[in-house]
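# Observations on the three-dimensional arrangement
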Amino acid sequence: MTELGETGVIPDPRAAQIERLREQVSGLKERLAACDAQIDGLTDFRERALSQIAAQRMEIERLRDVLATPSNVRALPNSSGANAPYGSGS
C-alpha cells in the first residue's frame, strides 16, 4: 500500500487521469499551433511561387510575341572567333 493509503487518504484515480489528459491536451494544442504556423508559411510560399510562375509565363509569351512579329531589326552575325573591339569591356 502507498503512503497515502496508509494515512487513510485514498487518491482518486479519476483526478490523476484528468490531470494526465489536461497535460496531453496542452501538448496537442502546442503541436497544433506549430502545425498551423507551418501551414501558413507553406501557403505563403505557394502563393509567391505561383505568382512568380505566372509572371515568368507572361514574360515568355511576350518574348514569343516579339519574335513572331515582323521587324526591321536583324540579328548580328555570330562572331565566336573574332576579338572584341577595343574598349568593349569583353
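Report follows, based on the coordinates. Every chain's residues receive numbers from 1 upward, in the order its sequence appears when written. Reporting in this predicted model follows two pLDDT cut-offs: at least 70 for local features of residues, and 80 or more for side-chain atom pairs to be given and counted; totals over whole chains, interfaces and linings ignore these cut-offs and use all residues. Hydrogens are left out, water is left out, and the side-chain values use all remaining heavy atoms of the structure.

## Observations concerning the overall build of the chain
On a plain count of helices and strands, the chain comes out with two helices and zero strands. Burial classification: accessible surface area is computed with a 1.4 Å probe over protein chains only, and a residue below 20% of its type maximum counts as buried, one above 50% as exposed, and the rest as partly exposed. The 90 residues of the chain split such that 0% are buried. Helix and strand definitions here come from DSSP, where helices need a minimum of 4 consecutive H or I residues and strands a minimum of 2 consecutive E residues; each element is numbered from the N-terminal end.

## A few points about the pattern of salt bridges
For salt bridges, the criterion is a side-chain nitrogen of Lys or Arg within 4 Å of an Asp or Glu carboxyl oxygen. Taken as a whole and judged by the stated rule, the model has three salt bridges. Across the pair R14 and D12 runs a salt bridge whose closest N-O atoms are separated by 3.3 Å. By relative accessible area, which is 57% here, R14 ends up exposed. Linking E61 and R57 is a salt bridge whose minimum nitrogen-to-oxygen distance equals 3.0 Å. Within this pair, E61 and its partner R57 are both found in helix 2 (residues 13-68), separated by four residues, close to a single helical turn.

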